[in-house]
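# Survey of secondary and tertiary structure
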Amino acid sequence: NAGVTQTPKFRILKIGQSMTLQCAQDMNHNYMYWYRQDPGMGLKLIYYSVGAGITDKGEVPNGYNVSRSTTEDFPLRLELAAPSQTSVYFCASSPPGLVGNEQFFGPGTRLTVL
Amino acid sequence: TQLLEQSPQFLSIQEGENLTVYCNSSSVFSSLQWYRQEPGEGPVLLVTVVTGGEVKKLKRLTFQFGDARKDSSLHITAAQPGDTGLYLCAPRGAQKLVFGQGTRLTINP
């Protein structure tokens, strides 16, 4: 199993450009998540999904959009990139359940908006 | 709005010393997880605690969940350079985790 994969690893965008961060998992997990991590900080939840066709906002959804057409894929779309979106973005997945299920994280995408 | 605070934010100690880091919340949680994140990588789960007062040991790491399930601590005995990293606590809300800002731990040889 490859686990959770993310592409690209690094990206530099100009203000106003848009891009899609890709995330895929091969563990047949229902739950998937997108986080951002600013320098020296913890993780903030952007969006999450409990299954194909179902998405919901996290703590910091503004400026982002997601879709979940398959169990495996959960892309994050940035429209009109802003310097405030400079961050490291992590995708994660987990099996369903309210108690104790481990989240498996991808290696991250480091995004710089200039 | 729940408040989640990890302390200290930064900790730098010498190899062989003991340390404790804390995770405190204003809310009660059904469970809590601790993750460790090394530079350039995603977080990796260390432990999940579920029951108030629960203590779990993972080699030199001891995790405790408060009796009221609002706080947790991580104690490391005889710290090693390999323990260096960002330690994140993550109490579980409905369907999702809420991460603290983390304790950045540096163990100096």
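Scope of this entry: the structure provided in the associated data block. Quantities reported herein were computed from a predicted structural model and do not represent experimental measurements.

On to the packing of aromatic side chains, then. Inspection of every chain in the model, using the stated rule, returns nine aromatic pairs over all chains. Summarising the aromatic geometry, the rings of A:Tyr33 and A:Tyr35 are spaced 6.2 Å apart at their centres and angled 25° between planes, so their arrangement reads as stacked. Each member of the pair, A:Tyr33 together with A:Tyr35, is buried. Taken together, the aromatic side chains of A:Tyr31, A:Tyr33, A:Tyr35, A:Phe105, B:Tyr35 and B:Phe99 make up a single cluster linked through ring pairs. One Lys or Arg, A:Arg68, reaches over the ring of A:Phe74 and ends 5.9 Å from the middle of that ring.

Here the focus is the interface of chain B and chain A. The interface is formed by 24 residues belonging to chain B together with 22 residues belonging to chain A. With both chains or domains summed, chain B and chain A bury close to 1,800 Å², and 54% of this area falls on carbon and sulfur atoms. Put simply, chain B and chain A have zero salt bridges between them. In this structure, the connection of chain B to chain A is made through three residue pairs in polar contact (both at pLDDT 80 or more). Residue assignment for the side of chain B that touches chain A shows that the elements contributing at least two residues are β4 (32–37), β5 (44–49), β9 (85–93) and β10 (96–97) of chain B.

Each value, and the rule that gives it
Residues numbered from 1 in each chain as written. Chains lettered and ligands numbered in written order. Predicted model: local features only at pLDDT ≥ 70, side-chain atom pairs only at ≥ 80, totals over all residues. Heavy atoms only, no water. Phe/Tyr/Trp six-rings, centres within 6.5 Å; stacked < 30°, edge-to-face > 60°. Buried < 20%, exposed > 50% of the residue type's maximum accessible area, 1.4 Å probe, protein only. Lys NZ or Arg CZ within 6 Å of the ring centre and 35° of its normal. Contact = heavy atoms within 4.5 Å. Buried area = accessible area lost by both parts, 1.4 Å probe. Salt bridge = Lys/Arg side-chain N within 4 Å of Asp/Glu carboxyl O. Polar contact = N/O pair within 3.5 Å; in protein donor to acceptor, adjacent residues only side chain to side chain. Helix = DSSP H or I, 4+ residues; strand = E, 2+ residues; numbered from the N terminus.

In short, geometric facts, not functional conclusions.
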